[in-house]
Amino acid sequence: FATIGSGAQLSGVRDATLTAKAVSAAAVTARMGGELTDGGSVAITPAVAIALSTVESGARIGTGALSLDGSLSLDAALKASATAVADAANSGATSAAVGFGLALAIGNHTVTAALERNVTAGGDVTLRASGVSAVAANGKASAAGAPEETDADTTPDTPGGKTGVDKKVSDQRGFADGVAGGSGL
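What you are looking at is a predicted structure, and each value in this text was computed from that prediction instead of being measured. Throughout, residues of each chain are indexed from 1 in the direction in which the sequence is written. Under the rules for a predicted model, residues below a pLDDT of 70 receive no local features and side-chain atom pairs below 80 are neither given nor counted, while totals for whole chains, interfaces and linings still include all residues. Side-chain metrics in this entry use all non-hydrogen atoms of the structure; hydrogen atoms and water are not considered.

> Help me out: how do you make sense of the overall build of the protein in this one?
When you go through the protein residue by residue, the secondary structure sums to one helix and nine strands. A 1.4 Å probe rolled over the protein chains alone gives each residue an accessible area, and that area as a share of the maximum for its type sets the label: buried under 20%, exposed over 50%, partly exposed in between. Taken across its 185 residues, the protein has 23% of its residues classed as buried. Here the analysis covers contacts within the protein between residues at least 6 apart in sequence; of these, 80% occur between residues at least 24 apart. Note that accessible areas follow from Shrake-Rupley with a 1.4 Å probe, and for residues the cover is restricted to the protein chains shown. Element-wise, carbon and sulfur atoms account for 54% of the exposed surface of the protein, whose accessible area totals about 11,300 Å². Helix and strand definitions here come from DSSP, where helices need a minimum of 4 consecutive H or I residues and strands a minimum of 2 consecutive E residues; each element is numbered from the N-terminal end. The contact criterion used is simple: two residues touch if any of their non-hydrogen atoms lie within 4.5 Å.

> What's the story with the environment of K79 in this structure? I'm lost.
Relative to the helices and strands, K79 is located in the loop between β4 (73–74) and β5 (82–86). As for K79 and S57, which are separated by 22 residues in sequence, their C-alpha atoms are 9.1 Å apart. With residues up to four places along the chain from it excluded, the contact list for K79 reads V23, G131, V132 and S133.

> Could you clarify how one ought to interpret unusual backbone geometry in this entry?
Glycine aside, residues mostly have negative phi, and peptide bonds are mostly found in the trans state. For D15, which is not glycine, the phi torsion reads 65° and is therefore positive. Within the secondary structure layout, D15 lies in the segment before β1 (17–18). On the basis of relative accessibility, which here comes to 41%, the residue D15 falls in the partly exposed class. The phi dihedral of L115 falls on the positive side, at around 130°, and the residue is not glycine.

> What exactly am I supposed to notice about the side chain of D87 here?
Note on placement: D87 falls in the loop between β5 and β6 (103–106). A polar contact is formed between the side chain of D87 and the side chain of K140, at a distance of 3.4 Å. In this view, D87 contacts R31, M32, A47, G139 and K140; residues no more than four positions away in its chain are not counted. Throughout this description, a polar contact denotes any pair of N or O atoms lying within 3.5 Å of each other; where both atoms belong to protein, one of them has to be capable of donating a hydrogen while the other can accept it, and for residues adjacent in sequence the pair is counted only when both atoms sit in side chains.

> Quick question: what am I supposed to make of the pattern of salt bridges here?
What counts as a salt bridge is simple: a side-chain nitrogen of Lys or Arg found within 4 Å of a carboxyl oxygen of Asp or Glu. Throughout the structure, instances matching the rule amount to five salt bridges. Between R31 and D87 there is a salt bridge, with its nearest N and O atoms 3.9 Å apart. Of the two residues, R31 sits in the loop between β2 (26–30) and β3 (49–52) while D87 sits in the loop between β5 and β6, which places them 56 residues apart along the sequence. Between D87 and K140 there is a salt bridge whose closest N-O contact spans 3.4 Å. Taken together, the residues D87 in the loop between β5 and β6 and K140 in the loop between β7 (126–127) and β8 (155–157) connect sequence positions 53 residues apart. Connected via shared salt-bridge partners are R31, D87 and K140.

In structure tokens:
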């Protein structure tokens, strides 16, 4: 927008410029996925992407009096943007796999140059408001899981145990319990 407004009246004016410009580019992408084969159990895969931008620009003059005979310029510009991408993927779940993804980008970019009058010029009076605003969000998620551990996946441990994922998890849990116990927790 570029206005003069309020008590308007202009006459015999030499020079005066109002310019307003606004450019915008909002982009939203949401991809999903999911793959349950062989009747797998549970898989959730939403991907949400929201981008709200609300661009504005400006330059105004408003209420009474002006006079001129040389110059006055109001300018205003803005270049906005807002992007949101969310992904989320999933795969052959057997007892759970979640991929989510949400990406949110809000902008509301504003630029203004006002004045609201009482100007007598005879040369330069310049107001300028410029902007550039960029907002971005990403958000990505995935869940694939792994097949259950088998004997071929593990190697024998001394005395008669296995070393695999289950053993490593058990060792880590034991270590954490030892540290917590040693700290009085």
